[in-house]
Amino acid sequence: MAVRYYDWIIHHGRRTPDKVAVIDLASERRFTYSQLDGRVSRLASFLRHSLNVARGDRVAVLALNTTDTLEVQFACGRLGAIFVPLNTRLTVPELQFITGDCAPKVMIHDTDLAETALSVARLCNIPTSLLLGPGGSYEAGIAAAKPLARAEEVTLDDVSTIMYTSGTTGHPKGATITHGMTFWNCVNLGGPACIGPSSVLLTVLPLFHTGGLNCYTNPVLHAGGTVMIMRVFDPGIALGLINDPAQGINVFFGVPAIYQFMAQHPAFATTDLSRLIVGGVGGAPMPVPLLKVWEARGVALQQGYGMTETSPAVLVLDREDAARKAGSAGKPVLHTEVRIVRPDGSDAEIGELGELWVKGPNITPGYWNRPEANKTSFTDGWLHTGDATRVDEEGFYYIVDRWKDMYISGGENVYPAEVENVLHQLNAIAEAAVIGVPDAQWGEVGLAIVAVKPGQKLTEADVFAHCTANLARFKCPRQIRFVDALPRNATGKIHKPTLRKEFSVASEV
Ligand code: ATP
Ligand code: MG
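Calculation criteria
- Residues numbered from 1 in each chain as written.
- Chains lettered and ligands numbered in written order.
- Predicted model: local features only at pLDDT ≥ 70, side-chain atom pairs only at ≥ 80, totals over all residues.
- Heavy atoms only, no water.
- Helix = DSSP H or I, 4+ residues; strand = E, 2+ residues; numbered from the N terminus.
- Buried < 20%, exposed > 50% of the residue type's maximum accessible area, 1.4 Å probe, protein only.
- Contact = heavy atoms within 4.5 Å.
- Salt bridge = Lys/Arg side-chain N within 4 Å of Asp/Glu carboxyl O.
- Near = heavy atom within 4 Å.
- Polar contact = N/O pair within 3.5 Å; in protein donor to acceptor, adjacent residues only side chain to side chain.
- Nonpolar A, V, L, I, M, F, W, Y, C, P; charged D, E, K, R; others polar.

Enquirer: Please explain the overall build of the protein as it appears in this structure.
Expert: On a plain count of helices and strands, the protein comes out with 15 helices and 25 strands. Across its three principal axes, the protein shows a C-alpha extent of roughly 70 × 50 × 45 Å. A buried classification covers 57% of the 509 residues belonging to the protein. A sequence separation of at least 24 residues applies to 67% of the contacts in the protein between residues at least 6 apart.

Enquirer: Is there a simple way to think about the pattern of salt bridges in this case?
Expert: Pairs can form between side chains of opposite charge once their charged atoms are near each other. Across all of its chains, the model carries 26 salt bridges by this definition. A salt bridge links Glu295 to Lys292; its shortest N-O distance comes to 3.8 Å. A residue pair is termed a helical-turn pair when its members lie 3 or 4 positions apart in one helix, as Glu295 and Lys292 do in helix H11 (residues 288-296) at three residues. Owing to a relative accessible area of 33%, Glu295 belongs among the partly exposed residues under this scheme. Residue classification places Lys292 among the partly exposed positions, given a relative accessible area of 39%. Residue Arg500 pairs with Asp405 through a salt bridge whose shortest N-O separation is 2.6 Å.

Enquirer: Which parts of the structure should I look at to understand the site of ligand 1?
Expert: If you check the shell around ligand 1, you find 20 residues, and the closest are Ser166, Thr168, Thr169, Thr308 and Asp387. Within the backbone of Gly167, an N or O atom sits 2.6 Å from an oxygen atom of ligand 1. At 3.1 Å from an oxygen atom of ligand 1 is found a side-chain nitrogen or oxygen belonging to His209. Secondary structure elements with two or more residues in the shell around ligand 1: strand E13 (302-306) and strand E20 (397-402). At four residues, E13 tops the list of elements feeding residues into the shell around ligand 1. In terms of residue class, the shell around ligand 1 is built from five nonpolar, 11 polar and four charged.

If you want it as structure tokens, here you go:
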């Protein structure tokens, strides 16, 4: 069987040619499935015949969210080439690290990022750059090209994408994503996320992150639904779009920070959220108090767990269980197996904390150019996630935190996510993070870094009192710092290495 999963655009182009496939909110362009199919075919032909992009060649994109990025993904799929979406928030040296690693043949970029893209292209000897937007070489190339006569034969095991991880714990690693992985993620998510042809998705997360691309942009296009792409997330505009019946948005996905910014927006209280069938959340620990804020507005957010390396869905909480099991990331998706493993490699008992291991057709075969990581990250095909996890007697999984973020205070393990959850119960807190810092007496103690909502008051004593009332003594942070905002990486995750750098030194004094 010839399996080009990107064939789904050809399929929908024939079956529902006039249905709107993608809407680019910033440029107000919208393309039907038939138009999208035509553009992808001509783009593929342009890349192949004018720019000599062949099977296995890498094509990088550095752009704020645009439907063009999706076209590049699909065009690469038809050529057997490898799509590399780049993180737009990285600096030139950080991008140079990535493009030095994967050596793209073409760099496609927008006007906003032209200077960065061209510097990186020059430093890494990328031979060709294409500019997106009106009058740019990308549009000119598509306009001049004939449709691609014949797509490459690819198999489910061929690499379609190199997606770099979020870089939350160190240098981003290039996870190789095969055609099959993305396909199986569509299958795995379809049911629990209720994705179908009538899905209308608002995508606000960056498309260079697996959350933006695969939750649920690709699954909705696979199912023949409609995807709206927001160039840069804005909570007020997102709420306005969701509120508007003419848009018909019924599917949404965000990392916790996205839901937090929306909940803190003045329009939140009056936005009509009743059309949202799916509100997915994942990518970082989700504070239960924030789930409750959305529940009070009638939205049962469905927490899920995944990684770039698992493309990404591994666990998803069904809508019916969302309120009863708030805080759980749900159960394994259909075609993915999980284990919770002790340090000695044996399986943990129900309720016992261990490392989550994952296996299935949505798991990466390995990292690009990382033989060492490839050796240490897998055991018999099981990917070690690095996430501390437990399962309850009903089979619901709870992601506790990353092992790397755990600290040991007086011989007891402390998982910052648990402490952060308690901090979020304080209504005045806008953002909170906890890190372990060196301490002469206890080895390490917790340092809470807190941003207070504008116009609200919170003292150190309030925070200490709340923690003491709700947490065992060894879990209570011993130090508190107030800041205006927490550092976040491009996907909205709190960047703990920055906090550690900033605060660990100060606390040792
Ligand atoms: P890097 O691997 O480069 O350090 P990263 O791990 O943040 O960055 P991603 O692949 O974007 O890169 O994120 C996957 C990680 O996100 C998981 O390993 C886990 O730590 C965290 N995560 C995902 N979903 C959840 C969730 N529901 N609850 C808690 N943590 C989650
Ligand atoms: Mg990771």
